[in-house]
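Descriptive analysis of the structure
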Amino acid sequence: AAKLAGERLAMTLGGMYGDRTSFVVLRIGWCQPGENLPETLSAKGSPPDFLLEEESGGGGENSASESRGMSEGDKKDELWFKQMWLSNEDFLNYFQKALEVDVPANTLTSTNPACDYDNDEAFTHRNVRNGFVLVNAMSKNSGAKWNLEETERLLGVVSTDDSLK
């Protein structure tokens, strides 16, 4: 609820003061503390202790799911985390571009009746408003359910990492 409230506040303030300030909201995928490696993602969402120990010198080339027996539900959960994973490099690139991007003012959106859908220059994504941009920020993970096309177009950055490769 707090994330949604923050997004709505930024959208409202952008609408009110978009000629003087702007907001770029990144819907951040799954990040782990530290090295944030896809191999240490688990169904619990954070690296299990034994994998953290292996990172620091204990070897271990198996993924979290291969290292221990997992239920089908846990495998599904692990895939979910891997599909929304955001690498440290992509994280930094998104934030850098968010700080540099020119946020559109007085944009036409799909909710605007004057919007010309056939003219890409006039039509803007529904998450772009006066002084406000909201985009997904995940790595380009195979099979991910989140669209990064608007992120790439609006921020001018293309994710490079994939947790499943």
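Cut-offs used in this document
Residues numbered from 1 in each chain as written. Predicted model: local features only at pLDDT ≥ 70, side-chain atom pairs only at ≥ 80, totals over all residues. Heavy atoms only, no water. Core = buried A, V, L, I, M, F, W, Y, C linked by side-chain atoms within 4.5 Å. Buried < 20%, exposed > 50% of the residue type's maximum accessible area, 1.4 Å probe, protein only. Helix = DSSP H or I, 4+ residues; strand = E, 2+ residues; numbered from the N terminus. Contact = heavy atoms within 4.5 Å. Salt bridge = Lys/Arg side-chain N within 4 Å of Asp/Glu carboxyl O. Pairing = 2+ DSSP bridges. Axes fitted to C-alpha atoms, helices over the stretch in contact; angles between N-to-C directions.

**Regarding the nonpolar core**
With 16 residues, the main nonpolar core has Leu26, Tyr94, Val133, Val135, Leu154 and Leu155 as its most contacted residues. Counting only elements with at least two residues in this core, the list comes to helix 5 (88–100), strand 5 (132–137) and helix 6 (149–155). No other element matches the 3 residues that strand 5 contributes to this core. With near-sequence residues (within four places) excluded, Leu26 lies in contact with Tyr94, Phe95, Ala98, Val135, Ala137 and Leu155.

**Some details on the pattern of salt bridges**
Enumeration according to the criterion identifies 6 salt bridges in this entry. Among the ionic pairs, Glu72 bridges to Lys75, the shortest N-O distance being 3.7 Å. Here the residue Glu72 and the residue Lys75 both occupy positions in helix 4 (residues 72–83), the gap between them amounting to 3 residues, near one helical turn. Overall, Glu72 belongs to the exposed group, its relative accessible area being 62%.

**Some remarks on the sheet that holds strand 1 (residues 23–28)**
Reading across from one edge, 1-5-4 is the order of the 3 strands in this open sheet, with mixed pairing throughout. In the strand order of this sheet, the two ends are held by strand 1 and strand 4 (128–129), each with one partner. The strands touched by helix 1 (residues 2–17) within the sheet are strand 1, strand 4 and strand 5, with strand 1 carrying the most contacts at an inclination of about 160°. Packing against the sheet, helix 5 makes contact with strand 1 and strand 5, and its axis sits at approximately 165° to strand 1.

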